[in-house]
Amino acid sequence: MARTLTIGPDTDVLVIGLTSSENGPSIAPDDLFGDVLTADVRAELLDQLGAVGAKGKAEELTRVPAPAGLDNVTSVLAVGLGAADKVDAEQIRRSAGVAGRSLNGTELVATTLSGLDLGAAAEGFYLGAYSFNPFRSEKSAPKPDEQPVARIEFLVPEADFGEEALFRAQLIAEAVATARDFVNTPPSHLFPAEFASRAQVLAEAAGLEVEVLDEKALEAGGYGGVLGVGKGSSRPPRLVRLSYSGGPKKIALVGKGITFDTGGISIKPAQNMENMTSDMAGAAAVIATTLLAARLSLPVTVTATVPMAENMPSATAQRPGDVLTQYGGTTVEVLNTDAEGRLILADAIVRAAEDSPDYLIDVATLTGAQMVALGTRTPGVMGTDDFRDRVARLSREVGENGWAMPLPAELRADLNSKIADLANVAQHRWGGMLSAALFLKEFVPEDVEWAHLDVAGPAYNTGGPFGYIGKGGTGVPVRTLIAVIEDIAGE
């Protein structure tokens, strides 16, 4: 909820921003909220904060009792924004997220961070306070003082309410949370058929067109990549198509939906395999983004093509050395069954291209090489040069940090097969992220603007919380995708 300048009764915490400088911390913004933060209140707050060592460093938290002149408030939480000349929307988002994560057990919070950037503050608080607890019994369910903050009121100047910015921020944050929920749901409860069913329910509620292909329809349609990956599991694969029609420009989204990845016959090491519950994060992101495009009524057409499979070892699993026929007729020699994501994506890309899209974006937790090259927080962006750079730039603008990567021509020959059109992996370890993208490029029409996002690390946080990101699913790259779609809609 957004409000004007008056703080209501029974406010537990007022969250303010604090910038740092050589002369000590300052309250930001410094030119608004004079009716609430009078000169005397500001002076007393700065004295209190200075006395307990607050510096205003980025994402630093300092909580003090409310000064006597600050009516209706029990305490003040100052969150650091860093140097004043470097405060941007992403820093506000991060600082709001840190504050949101610290307010568990709080009923009512008001904040002046909204005076800096209402949308960024709203996104940060919402995503920072996110939690996922549906699988906890009463034994470990969060206690009242562990529950996320119940209500946040955003203080804004009455003349500049910003209702549209708040509404947009709420929808974006909800879409990110939808993607996080999918990723955080364990594979025991989110296998291909169930994933398809949940996507269908959400899409139909949003008024989208939905098509679900089961294993029989996939067989009849010649989807050899999806079937090849999924045939080792007792839980058969699916392919889901969601379509929102809002305008003449066509955007195709494709997302990798491996609901669990053991590596198949080329089985992964046991250590950390549980994190492969996140191998459907690309699918989660494109489903959530398509729903978001509809909720924002964007004047474009967005179609998500989402292949879903479980990669398991069994007597029926595909073997290293097998040859499969992808949708569209390309044959692929499977040298490593743990390079399965590109096989299901290839089928989906060819199907998506049949709609003659103007732009095609695929998203996948595709390679461990992404993390080797760029770390766990920086998506690799590959594709057609201009569109790749555009997607990477917009990703950085929204704080998801996409980085443009090349597709060196000399790596393409390493994907040649002795017996088929292509091999699914190169026979060396160099440039694995780039080689995977070069494999996908073989299935993308030359006249389509294409971007491939490898989010193997950024989609799932196995470390401690930071900013507005908690442990587990992050929702990356939903905000990148919607920024790109909005940018295309504005052409």
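Residues numbered from 1 in each chain as written. Predicted model: local features only at pLDDT ≥ 70, side-chain atom pairs only at ≥ 80, totals over all residues. Heavy atoms only, no water.

Caption draft 1: Geometry of the UniProt feature "binding site: Mn(2+) 2" (unreviewed entry) in the chain. As recorded in UniProt, the sites labelled "binding site: Mn(2+) 2" (unreviewed entry) are Lys256, Asp261, Asp279 and Glu340. Look at the named residues: they lie 85 residues apart in sequence, but the longest C-alpha span between them is just 11.5 Å, so in the fold they bunch up. Set against the largest pocket, the annotated residues that line it come down to Lys256, Asp261, Asp279 and Glu340. Inspection of the secondary structure assignment puts Asp261 in strand β11 (residues 257-261). According to the relative accessible area criterion, Asp261 is buried, its value standing at 2%. (UniProt positions renumbered as here; feature names shortened; annotations may be inferred. 1 Å grid on protein atoms, 1.4 Å probe; cavity = no way out; pocket = protein on both sides within 12 Å on 5 of 7 lines; lining within 4 Å. Helix = DSSP H or I, 4+ residues; strand = E, 2+ residues; numbered from the N terminus. Buried < 20%, exposed > 50% of the residue type's maximum accessible area, 1.4 Å probe, protein only.)

Caption draft 2: Structural context of unusual backbone geometry. With omega at 0 degrees, the peptide bond leading from Ala28 into Pro29 counts as cis. Examined against the element boundaries, Pro29 turns out to sit in the loop between β3 (26-28) and α1 (39-51). Residue Pro477 is bonded to the preceding Val476 through a cis peptide linkage, with omega at 10 degrees. Positionally, Pro477 belongs in the loop between β21 (472-473) and α13 (478-489). The backbone of Asn72 sits at a positive phi, close to 70 degrees, despite the residue not being glycine. Here Asn72 is to be found in the loop between β4 (61-65) and β5 (73-83). We classify Asn72 as partly exposed; its relative accessible area is 39%. With phi around 55 degrees, Ser297 is a residue other than glycine that occupies positive phi space. The topology assignment puts Ser297 in the loop between α8 (281-295) and β12 (301-311). Since its relative accessible area comes to 54%, Ser297 is described here as exposed.

Caption draft 3: Representation of the packing of aromatic side chains within the structure. Scanning all chains against the criterion turns up six aromatic pairs. Here the aromatic rings of Phe125 and Phe154 are separated by 5.9 Å at their centres, their planes lie at 70 degrees, and the arrangement is edge-to-face. Within this pair, whereas Phe125 is found in helix α3 (residues 118-128), its partner Phe154 is found in strand β7 (residues 151-155), the two being separated by 29 residues in sequence. For the pair Phe125 and Phe154, a shared accessibility class is recorded, and that class is buried. On the basis of an interplanar angle of 45 degrees and a centroid distance of 5.0 Å, the ring pair of Tyr359 and Phe387 is categorised as tilted. Highlighted residues: Tyr359 in strand β15 (residues 359-364) and Phe387 in helix α11 (residues 385-397), separated in sequence by 28 residues. Neither residue differs from the other here; Tyr359 and Phe387 are each classed as buried. Across from the ring centre of Tyr130, 5.2 Å away, lies the NZ or CZ of Arg180, which sits over that ring. The ring of Phe466 is capped by Arg377, whose NZ or CZ atom sits 3.4 Å from the centre of that ring. (Phe/Tyr/Trp six-rings, centres within 6.5 Å; stacked < 30°, edge-to-face > 60°. Lys NZ or Arg CZ within 6 Å of the ring centre and 35° of its normal.)

Caption draft 4: The arrangement of empty space enclosed by the protein in detail. Under the counting rule described, the total for this entry stands at one cavity of 30 Å³ or more. For the largest cavity, the calculated volume is near 30 Å³. When contributions to the lining of the largest cavity are tallied by element, the ones reaching two or more residues are α4 (163-184) and α8. It is α8 that provides the largest number of residues to the lining of the largest cavity, a total of three residues. Classifying every residue of the lining of the largest cavity gives seven nonpolar, two polar and no charged. (Points joined across faces, edges and corners; volume = space filled by probe spheres on them. Nonpolar A, V, L, I, M, F, W, Y, C, P; charged D, E, K, R; others polar.)

Caption draft 5: Structural view of helix α9 (residues 341-353). An ideal rise of 1.5 Å per residue puts 18 Å on 13 residues; α9 measures up with 18 Å between its terminal C-alpha atoms. Across the 13 residues that make up α9, a large majority, 13, are buried. (Expected span 1.5 Å × (residues − 1).)

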